[in-house]
Amino acid sequence: HEHIKKIIERTYVIKNKEGRFHPTGLGVGLVAGFDSVLRSNSLTKPRLRAELEKDLSDICKQIKEKSSVRQKFLRQFQQIYFDAKNRITELATE
């Protein structure tokens, strides 16, 4: 619930009377900007989350080690952060 609370507070979405979420202009712009700048590594794409969920499942099945999965995703998220930081001027002009 914390994630949902934050996206509402940051006005990326609004919640209508039926309880459905609708993106604001800011939310749409943020997604478009990240998709444009980060391309396939954009945090808005399902690939990264699907990969994480599979690896977490593999940890539960004792196929993968928790520490190696943690390091893998730490590296990936650091790379995404640095890519976004290095291309921030592109994001600001999208």
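Counting from 1, residues in each chain are numbered in the order their sequence is written. At least 70 in pLDDT is required for a residue's local features to be given in this predicted model, at least 80 for side-chain atom pairs to be given and counted, and no such filter applies to totals for whole chains, interfaces and linings, which use all residues. The basis for every side-chain value is the complete set of heavy atoms in the structure, and neither hydrogens nor water enter the calculation.

*Asks:* How should I be thinking about the packing of helix H3 (residues 46–60) against helix H4 (residues 66–86) in this particular structure?
*Replies:* The axes of two packed helices give the description: the angle between them and the distance between them. Packing of H3 against H4 brings their axes to within 10 Å, and their N-to-C directions diverge by 165°. Overall, the two elements H3 and H4 adopt an arrangement that is roughly antiparallel. Considering how the two elements wind past one another, H3 and H4 form a crossing that is left-handed. Of H4, the residues touching H3 (which contributes Arg47, Leu48, Glu51, Leu52, Asp55 and Ile59) are Lys66, Val69, Lys72, Phe73, Gln76, Phe77 and Ile80. Three residue categories are used. Nonpolar comprises Ala, Val, Leu, Ile, Met, Phe, Trp, Tyr, Cys and Pro, charged comprises Asp, Glu, Lys and Arg, and polar comprises the others, including Gly. When its residues are assigned to classes, the contact of H3 with H4 shows 7 nonpolar, 1 polar and 5 charged. Angles run from 0 to 180 degrees between N-to-C directions of axes, and those axes are lines fitted to C-alpha atoms, restricted for helices to the stretch in contact. Think of it this way: any DSSP run of H or I at least four residues long counts as a helix, any run of E at least two long counts as a strand, and we number them from the N terminus. The labels follow the angle: roughly parallel below 35 degrees, roughly antiparallel above 145, roughly perpendicular from 65 to 115, and oblique for the rest. Left-handed describes a crossing whose near helix is turned anticlockwise from the far helix through less than a right angle; right-handed describes the clockwise counterpart. The contact criterion used throughout is that any non-hydrogen atoms of two residues lie within 4.5 Å.

*Asks:* Whenever I open this one, the environment of isoleucine 59 confuses me. Can you help?
*Replies:* Assignment of secondary structure puts isoleucine 59 in helix H3. Think of it in three bands: with a 1.4 Å probe and only protein chains considered, a residue is buried below 20% of the maximum accessible area for its type, exposed above 50%, and partly exposed in between. Judged by its relative accessible area of 22%, isoleucine 59 is partly exposed. It is 8.2 Å that separates the C-alpha atoms of isoleucine 59 and valine 69, two residues lying 10 residues apart in sequence. Not counting chain neighbours up to four residues away, the residues in contact with isoleucine 59 comprise Lys64, Glu65, Lys66 and Val69.

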